[in-house]
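# Overview (structure and organization)
Below are the chains, spelled out letter by letter.
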Amino acid sequence: MSECTSELDSSTHRSDGSCQSTRINSPTHTLRMITVRDLSLTVSAIDVVEAADPIHDVEVPVIRRRSRQTGLDSGGPGAEKNELRPRPRVWARTCMAGLTMLAGLTLPAIAPPLAWASPGPNAYVANGVSNNVSVIDTATNTVVGSPIPAGNNPLDVAITPNGQRAYVTNVGSNNVSVIDTATNTVVGSPIPVGSLPAGVAITPNGQRAYVANGVSNNVSVIDTATNTVVGSPIPVGNNPFGVAITPNGQRAYVTNVGSNNVSVIDTATNTVVGSPIPAGNNPLGVAITPNGQRAYVTNEQSNSVSVIDTATNTVVGSPIPVGSLPAGVAITPNGQRAYVTNGGSNNVSVIDTATNTVVGSPIPVGNNPLDVAITPNGQRAYVTNEQSNSVSVIDTATNTVVGSPIPAGNNPFGIAIAPASQQKASLTVAKSRTGKFTRGNKGTYTITVGNTGPGTTDGTTVTVRDTLPRGLTADRISGSGWNCTRSALTCTRRDVLPAGSSYPPITLTVRVSCSAPAHVTNKATVTGGGDTTTHTATAPTTINPDKHCGKHDHR
């Protein structure tokens, strides 16, 4: 038989062997120090709690257990079947609505590396025990207005790419609240989803929101135009928690805490593709690099971060050691750094994504940091400190905390930062030729698409179209990451292009006719990616004669 324990040592056994819940009249004890190996077991082992006052009068299920015979963690030698593991310093989580739900999802922040005009984009913070959302102006690092009421025990936040709506998962209400970011008010009724919704992510085109339901073991899909759930829930692994969507919007990556793996969803068919990808113990947060090539997953009980190659959906390299009980993860807009909150170490680790090694010393923040989000210009990282009821701000240039912690509500969890609405992509196209173009031979053009605007492309299709002059015919057209069609002389792609960056070049090889004019001009255009302007580049080309050409070629 196992022994029920709590931080106040005030729990008792029920006749069925489960632990009796204890009423604690203190806001500092509304969160239990616990570990979950099987969330569905936890739900069946405790009563659903109801609190008249969610802050000061909480019925807290006590589910920490220890073997009387051995004192070991469950799952270890001598531990009893289905016991939950106590540990000396276990990351604080919330027992909300009868679930010992993990906290601290991070969403990928894909945004431009340029400064914005004041006021800055707002950060939205879900306060798990206050049942509301705080709004922080990132230009002044001050709280804006009154907290926005949400459902019971809000956990995570995601903001649409156009910045107009914030979607908040409510763990205790089994629904999602929608906030109008222009007025900072809730719009419409809460959207019912599965049991114990945790992480939420929104597609780059803003049309769908994906919600991980921690006890239903599935993912709900919300149509953001109607704010209704579409289709059937998508079955994934045990106790899904974190969600991140690739920049091209084609795949959703879901961490399964109870299965120690990651499921991949095809967003076109809303079905799981391939086998689950193994991760470490208790994978929580997930973030995807702006180029869409890597997914970073925090393994809370392994004190590490796994890296997934999204092209092959396999783990690359060894897990990256970080601090104690890592939870949230966010990647800078330029893709060079990943910031990881360490809930047991009260600090943040910084990973160099080129080498997948931790750089510098951990950055001290508040107590039990859970989530992290990065500003659109990449200059600041905002960290929720769940046990300090605050948000710390990190200067990403120096990796030091700046200013005083920003007050939040009680037990802040998820955080998301709105894109700066005035920041849009502005595409460019450049065309150059390599070497001489001689009649009867081949010539090569290079087409490069860049983004000089203050914002990223929005995940919609970017199309390059080439128009050849008389006397030139296409032999081959290709480019890394591009989908090219020789007959149409078009190349397309949808991955997000950060400001100040360029896509890999397109190479166009042409055959030069013996009848080609002495001077021709090749033209290329680029459209899409959220840029409504058609941009054009030309490459004036001199055609050199060949005395042997023309005798057999009259094209």
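Preceding this paragraph is the structure being described.
Residues numbered from 1 in each chain as written. Predicted model: local features only at pLDDT ≥ 70, side-chain atom pairs only at ≥ 80, totals over all residues. Heavy atoms only, no water.

### A short note on the pairing of strand E18 (residues 208-213)
Put simply, the test is: Summary of the burial criterion: residues with accessible area below 20% of their type's maximum are buried, those above 50% are exposed, and those between are partly exposed, where the area comes from a 1.4 Å probe applied to protein chains only. The helix and strand labels rest on DSSP assignments: H or I over at least four residues marks a helix, E over at least two residues marks a strand, and numbering proceeds from the N terminus. Each pair of strands is called paired provided DSSP finds at least two bridges between the two strands.
Judged by how many residues are buried, E18 sits mostly within the fold: 5 of 6 residues are covered. Between strand E17 (residues 197-202) and E18, which pair antiparallel in sequence order, lie 5 residues; one of them, Gly206, sits at a positive phi of approximately 75 degrees. Taken together, E18 and the strand that follows it, strand E19 (residues 218-223), pair antiparallel across an intervening segment of 4 residues, in which Asn217 is found at a positive phi of about 55 degrees.

### Quick look at the nonpolar core
Our working rule: Within this scheme, the nonpolar core is defined by two criteria: the residues are buried Ala, Val, Leu, Ile, Met, Phe, Trp, Tyr or Cys, and they are joined through side-chain atoms within 4.5 Å. Whether two residues are in contact is decided by their heavy atoms: any pair within 4.5 Å suffices.
Core analysis: the biggest nonpolar cluster contains 28 residues, and Val449, Leu472, Trp482 and Leu508 have the highest contact counts within it. Of all the secondary-structure elements, those providing two or more residues to this core are strand E43 (427-434), strand E45 (442-451), strand E46 (462-467), strand E47 (472-478), strand E50 (506-512), strand E51 (519-528) and strand E52 (531-544). The greatest single-element share of this core, amounting to 4 residues, is contributed by E50. Among all residues touching Leu472, those that are not within four sequence positions of it are Tyr445, Val510, Arg511, Val512, Val520 and Ile543.

### Focus: the side chain of Thr463
Within the fold, Thr463 resides in strand E46. Non-local contacts of Thr463, meaning those with residues more than four positions away in its chain, are made with Cys491, Thr492, Thr525, Val526 and Thr527.

### Re the state of the cysteines
Heads up, the rule is: Cysteine sulfurs are considered disulfide-paired once they come within 2.5 Å of each other.
Going through the model one piece at a time under the given rule, you end up with 2 disulfides. Sulfur-sulfur distance for the disulfide between Cys484 and Cys491 comes to 2.0 Å. Between Cys484 and Cys491 the disulfide shows an S-S torsion of about 115 degrees. By sign, it is right-handed. Assessed through its relative accessible area of 26%, Cys484 is described here as partly exposed. According to the relative accessible area criterion, Cys491 is buried, its value standing at 0%.

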